[in-house]
Protein chains: 2
Amino acid sequence: MNDTLTAVAGLRVGHWTDRVGQTGCTVILCPPEGCVASVAVCGSGPASRETALLAPEKSVQRVHAVVLSGGSAFGLDAAGGVMRWLEERGRGFNTPCGPVPIVPAAAIYDLWSGDPRARPGCAQGYRAAQAATSGPVDMGRVGAGTGAKVGSYRGIEYASPGGLGSASAELAGATVAVLAVVNAGGNVVDPHSGRLVAGVSEGIGGLSDHFAGTEGTATTLVIVATDAPISKAEARLLAGSAQSGLVRAVRPVTLFDGDTCFVLSTASGPGVPLVALSLVVQELVARAIVAAVSPPP
Amino acid sequence: MNDTLTAVAGLRVGHWTDRVGQTGCTVILCPPEGCVASVAVCGSGPASRETALLAPEKSVQRVHAVVLSGGSAFGLDAAGGVMRWLEERGRGFNTPCGPVPIVPAAAIYDLWSGDPRARPGCAQGYRAAQAATSGPVDMGRVGAGTGAKVGSYRGIEYASPGGLGSASAELAGATVAVLAVVNAGGNVVDPHSGRLVAGVSEGIGGLSDHFAGTEGTATTLVIVATDAPISKAEARLLAGSAQSGLVRAVRPVTLFDGDTCFVLSTASGPGVPLVALSLVVQELVARAIVAAVSPPP
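Residues numbered from 1 in each chain as written. Chains lettered and ligands numbered in written order. Predicted model: local features only at pLDDT ≥ 70, side-chain atom pairs only at ≥ 80, totals over all residues. Heavy atoms only, no water.

**Details of the sheet that holds strand β17 (residues 250-251) of chain A**
Residue and element names in this part refer to chain A.
And step 1. With respect to topology, 3 strands assemble into an open sheet ordered β15-β14-β17, the strand pairing being antiparallel. Unpaired on one side and paired on the other, β15 (196-198) and β17 mark the two borders of the sheet.
And step 2. Note that strand β14 (residues 187-189) and β17 share 2 bridges and pair antiparallel. In the sheet register, V188 faces β17, and the bridge partner there is V250.
And step 3. In the packing of helix α4 (residues 274-293) onto the sheet, the strands contacted are β14, β15 and β17, and the crossing angle to β14 comes to about 120 degrees. (Pairing = 2+ DSSP bridges. Helix = DSSP H or I, 4+ residues; strand = E, 2+ residues; numbered from the N terminus. Contact = heavy atoms within 4.5 Å. Axes fitted to C-alpha atoms, helices over the stretch in contact; angles between N-to-C directions.)

**Let's talk about the confidence of the model for chain A**
And step 1. When pLDDT is averaged across chain A, the result is 93; 95% of the residues are at 70 or more.
And step 2. Interface confidence in the predicted complex, given as ipTM, is 0.93; pTM for the same model is 0.95. (pLDDT = per-residue confidence, 0-100.)

**Topic: the relation of the copies chain B and chain A**
And step 1. Overlay of chain B on chain A (RMSD 0.0 Å): rotation 180 degrees, translation along the axis 0.0 Å. Look at the turn and shift together and you get a two-fold axis relating the two. It is R49(B) whose C-alpha, among those of chain B, lies nearest the rotation axis, at 2.1 Å. (Least-squares fit on C-alpha atoms with pLDDT ≥ 70 in both.)

**Observations regarding the sheet that holds strand β13 (residues 174-183) of chain A**
All names here are of chain A.
And step 1. Strands sit in the order β5-β3-β18-β16-β13-β12 across an open sheet of 6 strands; the sheet is mixed. Each end of this open sheet is capped by a strand with a single partner; those strands are β5 (62-63) and β12 (163-171).
And step 2. As paired elements, strand β3 (residues 35-41) and strand β18 (residues 260-265) share 6 bridges and run antiparallel to each other. Opposite A37, over in β18, you have L264 as the bridge partner.
And step 3. Those strands touched by helix α3 (residues 232-249) are β3, β16 (219-226) and β18, and its axis lies near 45 degrees from that of β3.

**A few points about the pattern of salt bridges**
Pairs may arise between side chains of opposite charge once their charged atoms sit close together.
All names here are of chain A.
And step 1. For the structure shown, the criterion picks out 15 salt bridges over all chains.
And step 2. Here R89 and E88 are joined by a salt bridge, their closest N and O atoms 3.4 Å apart.
And step 3. Accessibility expressed as a relative area gives 41% for R89, which makes it partly exposed.
And step 4. Relative accessible area serves as the criterion here: at 47%, E88 is assigned to the partly exposed category.
And step 5. Overlapping salt bridges, with partners in common, bring together R84, E88 and R89 in one network. (Salt bridge = Lys/Arg side-chain N within 4 Å of Asp/Glu carboxyl O. Buried < 20%, exposed > 50% of the residue type's maximum accessible area, 1.4 Å probe, protein only.)

**Digging into the packing of helix α1 (residues 78-88) of chain A against helix α2 (residues 122-130) of chain A**
Residue and element names in this part refer to chain A.
And step 1. Their axes nearest at 6 Å, the elements α1 and α2 cross at an angle of 50 degrees. Between α1 and α2, the crossing angle belongs to the class labelled oblique. Taken as a pair, α1 and α2 cross one another with a handedness that is right-handed. Judged by residue contacts, A78, G80, G81, V82, R84, W85 and E88 of α1 engage C122, G125, Y126, A129 and Q130 from α2.
And step 2. Looking at the contact of α1 with α2 residue by residue, the classes come out as 6 nonpolar, 4 polar and 2 charged. (Parallel < 35°, antiparallel > 145°, perpendicular 65-115°, else oblique. Left-handed = near helix turned anticlockwise from the far one by under 90°. Nonpolar A, V, L, I, M, F, W, Y, C, P; charged D, E, K, R; others polar.)

This is the structure we're talking about:
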């Protein structure tokens, strides 16, 4: 059974991974007709591309891919390569002079890891799109999670490896799934047991939770996907639920991170109540975050 | 006298222009320490990069350049080239692993003009940065304005050439200046005389103002700059004033365009009352839009 983002029929996920430079990018390809989408940018230091059009009142309704990348803001270039790959296949927002693929993107700061000059660019985004499959998503230190760290809020010297995780669930015949790139300033905690999964072992929740990290260098990126039909405004609401799930599994969430949650709907499955969806999303986001730093063997 | 954006000391503007492909890009370089900045994305079909961090509550306070580009969303790649140029010079948001230049960008849909496959990319953004000077900004069909059109709301066959314009003013010892890339769905009208400057001659403001254009294919991009010190929140307010100036000179403003107004402050001049600034901004935006389609000889 596929317990990852590609459990949602029609989605394909591809990684480009640089093990030496310790960075990478991950592309989520939508079906050719695109996905209804929105975003919540809750962190205060985001690196982003094409998020303005995801506001519920903006006219573009569907996106054709989403790119998550390492390389800090430099990594946003990877989206250009995915646009090229999509255009070559005739996919995009239909305009009189050809399709314009809509490809929102967000990036994490992973310049601490490996070679700080190694960043995903246009060519690397293209290769991630080429590598995309509908099979179970590889987890751990791959794609955009390759150079991720967690627990940097006490200083980067205390941080431990982050990564990329995914989880899925059925809900009244619909499928809901999550992919998370965990580069959190805080620790990762199992929300059910309270157990520390990754990060700094001392002082969780105590007075010693002093921030000694660096502003703008930690981020958790989340993709929520479902086949349940939802509106763009509902996608925006669910992005807020995704942030709630993040807060369950990341402690503490610092003020200065770039946490960004995208929500995608293929709209090809049965309708389910939004409130039920929101509860499942919270649970799955927490599970995906835990999986990112403790991938199944 | 310099009556263009570079009247604000410390700013440099460079164009890359493709006369055959009929597209281009324009980069506004800030002083090395960056500019306080924000944005208003009033149009409903924006193509944008790094606008999320410009919200007043986000932590990044200063940007190092802004890129305006043709090529629709493909043109957002030009910002990557400007980031490279800035990084080579050690400019950017200071991080432990080197500077990360903050370069917001927005693009117009100009694929109607010339070769629809010609779009500014990373290399073209880099060249525009190399070309940047503090001299008066070249206006008309240059840079991001090369392939612009106005009056497409009645159908692209009725549209006339758009372009790039600029204007500046002194205000109690401070300098205020505007640059506009006019690719409006509506016509350009002189707000003082009501005279049609460019666009479709028939039916302005009348019952025949029927929309027969294409959603998401018209945009006016505006840069407001000043040396008056303002906060990020005040920059956001002034971006709203810029949109008011746009509405003075563009008729009608259609619901489906991507109008985006950036505001930059070098903070190196005298303080002036915000309300006075907002009135000058409105006037200058209208003047820059008129200048874009009727550049001085």
